[in-house]
Amino acid sequence: MRTKIVAGNWKMNNDSSATSALLQELKKANQTSNARRIVAPAFTQLAQAVKLLEGTTIEVAAQNMNAATSGAFTGEVSASMLKGVGVATVIIGHSERRSLYNETDVALAEKVAAALSGNMEVIFCFGEELSDRKSGRHFDVVSHQLKTALFEITPDSWKHIILAYEPVWAIGTGETASPEQAQEMHAHIRSLVHQQYGETVTTSLSILYGGSVKPNNAKEIFSQPDVDGGLIGGASLNANDFMAIVNAF
Ligand code: 13P
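The rules behind the values
Residues numbered from 1 in each chain as written. Predicted model: local features only at pLDDT ≥ 70, side-chain atom pairs only at ≥ 80, totals over all residues. Heavy atoms only, no water. Helix = DSSP H or I, 4+ residues; strand = E, 2+ residues; numbered from the N terminus. Buried < 20%, exposed > 50% of the residue type's maximum accessible area, 1.4 Å probe, protein only. Areas by Shrake-Rupley, 256 points an atom, 1.4 Å probe, with all protein chains shown as cover. Lys, Arg positive; Asp, Glu negative; His and termini not counted. Charge placed at Lys NZ, Arg CZ, Asp CG, Glu CD. Arc of directions from axis to C-beta. Contact = heavy atoms within 4.5 Å. Polar contact = N/O pair within 3.5 Å; in protein donor to acceptor, adjacent residues only side chain to side chain. Axes fitted to C-alpha atoms, helices over the stretch in contact; angles between N-to-C directions. Parallel < 35°, antiparallel > 145°, perpendicular 65-115°, else oblique. Left-handed = near helix turned anticlockwise from the far one by under 90°. Nonpolar A, V, L, I, M, F, W, Y, C, P; charged D, E, K, R; others polar. Near = heavy atom within 4 Å. Phe/Tyr/Trp six-rings, centres within 6.5 Å; stacked < 30°, edge-to-face > 60°.

Residues and numbers for the overall build of the chain, please.
Of the regular secondary structure elements, the chain holds 11 helices and 8 strands. Counting only C-alpha atoms, the chain reaches 45 × 45 × 35 Å along its principal axes. Expressed as a percentage of its 249 residues, the buried residues of the chain come to 53%. By element, 52% of the accessible surface of the chain is carried by carbon and sulfur atoms, the whole surface being about 11,100 Å². For the chain, the separation between the mean place of its 20 positive charges and that of its 25 negative charges on side chains is 5 Å.

Quick rundown of unusual backbone geometry? Include the residues and the values.
The phi dihedral of N102 falls on the positive side, at around 55°, and the residue is not glycine. Tracing the backbone shows N102 in the loop between α4 (95-100) and α5 (105-117). Within the chain, S212 stands out as a residue other than glycine whose phi angle is a positive 55°. In this fold, S212 is placed in the loop between β7 (207-210) and α10 (218-222). Judged by its relative accessible area of 10%, S212 falls in the buried class.

Please provide a residue-by-residue account of helix α11 (residues 239-246), values included.
Buried within α11 we find A239, F242, M243, I245 and V246. In an axial view of α11, the angular spread of the buried residues amounts to 155°, which keeps them on one side of the axis. On its buried face, α11 is in contact with β1 (5-9), α1 (16-28), β2 (36-40), α10 and β8 (229-232). Where α11 starts, the residue carrying a side-chain oxygen 3.0 Å from the main-chain nitrogen of N240 turns out to be N238.

Mind laying out the packing of helix α7 (residues 138-150) against helix α8 (residues 179-197), listing which residues take part and the relevant values?
Direction vectors running N to C along α7 and α8 enclose 40°, while the axes themselves pass 11 Å from each other. Here α7 lies oblique to α8, going by the angle between them. For the crossing formed where α7 meets α8, the hand is right-handed. Residues H138, F139, V142, S143, L146, K147 and L150 of α7 form the contact with α8, whose own contacting residues are E184, M185, H188, I189, L192 and Y197.

Give me the packing of α5 against α7: which residues, what numbers.
The geometry of α5 relative to α7 is characterised by a closest axis approach of 7 Å and an angle of 45° between their N-to-C directions. Classed by the angle they form, the pair α5 and α7 counts as oblique. Helix-helix and strand crossings are classified by hand; for α5 and α7 the assignment is right-handed. Within the contact between the two elements, α5 uses D105, V106, L108, A109 and V112 and α7 uses Q145, T148, A149 and L150. When grouped by side-chain class, the residues that make up the contact of α5 with α7 number 6 nonpolar, 2 polar and 1 charged.

With reference to specific residues and values, describe the site of the ligand.
In the region of the ligand, 13 residues are neighbours, and K11, H94, G172, S212 and G234 sit closest. Within the side chain of H94, one N or O atom sits 2.8 Å away from an oxygen atom of the ligand. Separating an oxygen atom of the ligand from a backbone N or O atom of G172 is a distance of 2.6 Å. Protein contact buries 97% of the 310 Å² of open area that the ligand shows by itself.

Help me get a handle on the environment of G93, residues and values and all.
Position of G93 relative to the elements: it lies in the loop between β4 (89-92) and α4. Each C-alpha atom, one on G93 and one on L237, is 21 Å from the other, the two residues being 144 residues apart in sequence.

I'd like a rundown of the packing of aromatic side chains, residues and numbers included.
Taken as a whole and judged by the stated rule, the model has 7 aromatic pairs. With a centroid separation of 6.3 Å and 65° between ring planes, the pair formed by F151 and W158 is classed as edge-to-face. Take F151 and W158: they sit in the same class, and that class is buried. Grouped by ring-pair contacts, the aromatic residues F124, F126, Y165 and Y209 constitute a single cluster.

Shown next, in the form of C-alpha cells:
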C-alpha cells in the first residue's frame, strides 16, 4: 500500500514570525484527505516548527544534511543534529542543491547512506533538465540519477525512502509537466526500482511529483496511477493553497 504524501519545501523562505503564522494557519485548517502532511522549513526554524506542531499530524523535514556525522564542515548540519531537534525526515538531492552547490549523484549517495544509518527517512529528489527532455534523454538521465544515488541501498532501506520526481524545467516556472508526462515518468521510475528490487519494495514506494503544483492542477496530477503526492515549493508558503493541494486527493 502506497502512502499519499504532500510535502512543502519552503526553501529559504519564512523567518521566525512567518513560520509561526503559517503553521498556526495550517494547524487550524481542515484536512479532508488522508495524505501525510510534511513541511520543510529552513534549519533555523526546525526546532520552532517541531514545537509548534507538537500534538498535530503535521510532520517536519529538513531540506538538506551533510554526509558526515561530525567534524570540520563549517556551515553544515548532520543527521544526528536533525534527530536531536525532533526531525526524522530530510530532503536530499533537490535540483537547487545540485545546480547551485554542485551536489553530484555520487555525493548524494553518501548523504542517503548517512541519513539511513542515522535512522532518518529520505525524500530523494531528481529530474531532468529542459535540454535533456528536448533531446529525448529524460528517461536515461533519470535512470542514471536513481541508479547512482540509490541502487546500492538494501531492500529493507526502501521503507525509509520517498522519491520526488521534479523536472528542473517545471520548478518555479509555472510550467507543470502534463499529467501524462508525470505518469509516464513515474511508471518508468517504478519499473526501474521493480527491476532492481522487486515487488515488495515497489508496491509500498511513494513517488511524489514536484514542479509548479498548484491548487488548480493538483487534482489532475494526483489522479495519475503512479503519482502518490507532491513536493510543493511556492504554493506551500500559503496555508490555503497548501491545504487545497493536500485535499486534492
Ligand atoms: P515550485 O512548486 O515552486 O515549482 O517548486 C517545486 C520544488 O522545487 C519543490 O521542491
